Amino acid sequence: MESRASPLNADVEPRRQPLGRLIVGTGIAWMMLGMVVMPAGVSFNPGKAYQASLILLLYLPALYLGFSQRARVWRQLWPLPAFRLFLLLLAWALLSLLWGGLSRPGDEVGRLLSVLAFVLGWHACTADEAPRIRTLLLAAGLAIAVCAAFYCVKFLITPIQDGRIIGEGTIATANYAAALMGVVALWLSQLDIHERQWSVLRYAAIMVLLVFVGLTQTRNIWLALSISILLMPLWQPGRRYRALALAALLLALAGMLWQWALLTERGTSLRPELFMQSLQLIARHPLLGQGQGVPFNLVVYGQPYTHTHNVLTQMAVELGLPGLGLLLALWALVGWQGWRHRQAMQGRLVLALWVYASVALQFDMPQLLDSPRPGWLLVWLPFALSLGLAWRERTAERTTPIQ
């Protein structure tokens, strides 16, 4: 007897473009890995070669898949409230170019399109299919862990003057490197992997990544990881995760007592001073903001800083209070979607990354509507995952027969 496709898969299965999905999946994995290995420009901006490769492997194929087959991907995402909020945020950022007065506004348009392309490409590639998500994140995570191991060995052979490990490219600074390695360790910990050999590799990779994070001496990432692990039993049932959370708490307390001088010697790293100066900038243009991508400097003790080191103040400086409100609403929907689906692997991934990013982005990496940087993996990855969950739920509701 011939089997028939269920209504749930009716919009996903027919007329798939396997080659296009393979290219986009490769592009997403390369986007993650390229942050770790490709040369970067000034201020750790992605280099031209890296950006050119992403145009070919990710942006163009993702936009094509997003609007091909009568815009199937776009039609799947359009009814979702979070996706519409996301489009409003992009539209407001685009509109702000009118008063930003940039000499090359086209660069910012390209950056906004790259964010949109990633979100569309993720859905086109995975469509909330757990096996695809697992394969993609496991492959990228293991590859990045190999790079982390290389950087650890290199650091031990030739230590850096300030004693903090860094990587190459966009992670050639300790804070960005720690954030990226930390988020990869977190997503590897949430994957459902039952094959013994892959599970062993996964845990070995997590250990390497955590060692790397430890060597960065980046306190806000230590805090973000600790809080994420402590809260993990809320969405990861079982005695194993409660024991992991307790062990993390004891290790954190022991580490604080053992390395108290390390935790306190850099003080508050000028974050309060940067925050106060950011508020002054916000007060000048509270409604419209200065405009997307408009450069500014915060000068603290004679040292200029090109961003606020806080995602909320950065958004308010650039896009005003409307942009900040859209971001907060969007982020709340992401967390809520993860919590509602915490029984699924994708929901647990969203929650882990959501908690981690909510802490880490208060201290650094506030550029969200920008070229691919570690912050993308903290914000746009959980957002894209949450869209898949919302779409799957909506599709199931539409195809569930009336009882």
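If you're wondering where the values come from, they're calculated on a predicted model, not measured in any experiment.

K.L.:
Any chance you could break down the overall build of the protein for me, citing the residues and the numbers?
P.N.:
From N to C terminus, the protein includes 15 helices and two strands. Relative to the compact-globule value of 22 Å for 403 residues, the protein shows a C-alpha radius of gyration of 21 Å, a close match. Across its three principal directions, the C-alpha atoms of the protein cover 75 × 55 × 40 Å. Out of the 403 residues in the protein, the part that is buried amounts to 52%. Look at the contacts in the protein between residues 6 or more apart in sequence, and 75% of them connect residues 24 or more apart. Just so you have it, the protein exposes about 18,900 Å², and 67% of that area is on carbon and sulfur atoms. Each charge sign in the protein was given a centre, from 31 positive and 18 negative side chains, and these centres are 4 Å apart.

K.L.:
How would you sum up the nonpolar core? Please name residues and give values.
P.N.:
Met-31, Met-32, Phe-86, Trp-122, Met-181, Trp-187 and Trp-380 are the most contacted members of the largest nonpolar core, which totals 114 residues. Here the element with the most residues in this core is helix H6 (residues 130-157); it accounts for 14 residues. Not counting chain neighbours up to four residues away, the residues in contact with Trp-187 comprise Met-32, Leu-137, Ala-140, Gly-141, Leu-349, Leu-353, Leu-377 and Leu-381. Residues Phe-296, Val-300, Ala-316 and Val-317 belong to the second largest nonpolar core, which totals nine residues.

K.L.:
I'd love a proper account of the confidence of the model for the protein, names of residues and values included.
P.N.:
Taken residue by residue, the protein gives an average pLDDT of 88. The fraction at 70 or more is 90%. Of all the helices and strands in the protein, helix H11 (residues 260-264) carries the lowest mean pLDDT, 58, while helix H3 (residues 81-95) carries the highest, 97. pLDDT under 50 marks residues 1-15. Its contacts with residues more than four places away, or in other chains, come to 15 contacts.

K.L.:
Account for the environment of Leu-361, with residues named and values stated.
P.N.:
Structurally, the position occupied by Leu-361 is in the loop between helix H14 (345-360) and helix H15 (374-399). Under the relative-accessibility criterion, Leu-361 is labelled buried at 4%. Setting aside chain neighbours within four positions, we find Leu-361 in contact with His-309, Asn-310, Val-311, Leu-368, Leu-378 and Val-379.

K.L.:
Give a description of the pattern of salt bridges that names residues and reports values.
P.N.:
Inspection of the entire model under this criterion finds 11 salt bridges. As a salt-bridge pair, Arg-104 and Asp-107 come within 3.3 Å of each other at their nearest N and O atoms. Relative accessible area serves as the criterion here: at 57%, Arg-104 is assigned to the exposed category. In this structure, Asp-128 and Arg-392 form a salt bridge, with 3.8 Å as the shortest nitrogen-oxygen distance. On the criterion of sequence distance, the pair formed by Asp-128 in the loop between helix H5 (105-126) and H6 and Arg-392 in helix H15 is long-range, its members being 264 residues apart. Through salt bridges with shared partners, a single ionic network connects Glu-108, Arg-111, Asp-370 and Arg-373.

K.L.:
Quick one: what's the story with the packing of helix H1 (residues 18-37) against helix H2 (residues 48-77), residue by residue and with numbers?
P.N.:
What describes two packed helices is the angle between their axes and the distance between those same axes. Axis separation between H1 and H2 bottoms out at 9 Å; the angle between their running directions is 145°. Handedness of the H1/H2 crossing: left-handed. Counting all contacts with H1, which are made through Gly-20, Arg-21, Ile-23, Val-24, Gly-27, Ile-28, Trp-30, Met-31, Gly-34 and Met-35, the residues of H2 involved are Tyr-50, Ser-53, Leu-54, Leu-56, Leu-57, Leu-58, Pro-61, Ala-62 and Leu-65. Within the contact of H1 with H2, the residues separate by chemical class into 14 nonpolar, four polar and one charged.

K.L.:
An account of the packing of helix H7 (residues 174-190) against H14 is requested, with residue identities and associated values reported.
P.N.:
Between H7 and H14, whose axes approach to 9 Å, the crossing angle comes to 155°. In this view, H7 runs roughly antiparallel relative to H14, as classed from their interaxial angle. In this structure, H7 crosses over H14, and the sense of that crossing is right-handed. Within the contact between the two elements, H7 uses Ala-178, Ala-179, Gly-182, Val-183, Leu-186, Trp-187 and Gln-190 and H14 uses Met-345, Arg-348, Leu-349, Ala-352, Leu-353 and Tyr-356. Split by residue class, the contact of H7 with H14 holds 10 nonpolar, two polar and one charged.

K.L.:
Could you give an account of a nonpolar patch on the surface, naming the residues involved and the relevant values?
P.N.:
A cluster of nonpolar side chains, contributed by Leu-230, Leu-246, Leu-249, Leu-250 and Leu-253, occupies part of the molecular surface with about 430 Å² of accessible area. Look at Leu-249 and you get partly exposed, because its relative accessible area is 34%.

K.L.:
Explain helix H9 (residues 219-231) to me, using residue names and the numbers behind them.
P.N.:
Between its terminal C-alpha atoms H9 stretches 18 Å, which fits the 18 Å expected from 13 residues at 1.5 Å a residue. The set of residues buried in H9 consists of Arg-219, Asn-220, Ile-221, Ala-224, Leu-225, Ser-228 and Ile-229.

K.L.:
Run through the environment of Ala-172, naming residues and quoting values.
P.N.:
Along the chain, Ala-172 turns up in the loop between H6 and H7. Along the primary structure Ala-172 and Ser-53 are separated by 119 residues, whereas in three dimensions their C-alpha atoms are 20 Å apart. With residues up to four places along the chain from it excluded, the contact list for Ala-172 reads Phe-44, Ile-166 and Gly-167.

Parameters and conventions
Residues numbered from 1 in each chain as written. Predicted model: local features only at pLDDT ≥ 70, side-chain atom pairs only at ≥ 80, totals over all residues. Heavy atoms only, no water. Helix = DSSP H or I, 4+ residues; strand = E, 2+ residues; numbered from the N terminus. Rg over C-alpha atoms; globule rule 2.2 N^0.38 Å. Buried < 20%, exposed > 50% of the residue type's maximum accessible area, 1.4 Å probe, protein only. Contact = heavy atoms within 4.5 Å. Areas by Shrake-Rupley, 256 points an atom, 1.4 Å probe, with all protein chains shown as cover. Lys, Arg positive; Asp, Glu negative; His and termini not counted. Charge placed at Lys NZ, Arg CZ, Asp CG, Glu CD. Core = buried A, V, L, I, M, F, W, Y, C linked by side-chain atoms within 4.5 Å. pLDDT = per-residue confidence, 0-100. Salt bridge = Lys/Arg side-chain N within 4 Å of Asp/Glu carboxyl O. Axes fitted to C-alpha atoms, helices over the stretch in contact; angles between N-to-C directions. Left-handed = near helix turned anticlockwise from the far one by under 90°. Nonpolar A, V, L, I, M, F, W, Y, C, P; charged D, E, K, R; others polar. Parallel < 35°, antiparallel > 145°, perpendicular 65-115°, else oblique. Patch = residues over 30% accessible without salt bridge, like charges linked within 9 Å, V, L, I, M, F, W, Y side chains within 5 Å. Expected span 1.5 Å × (residues − 1).

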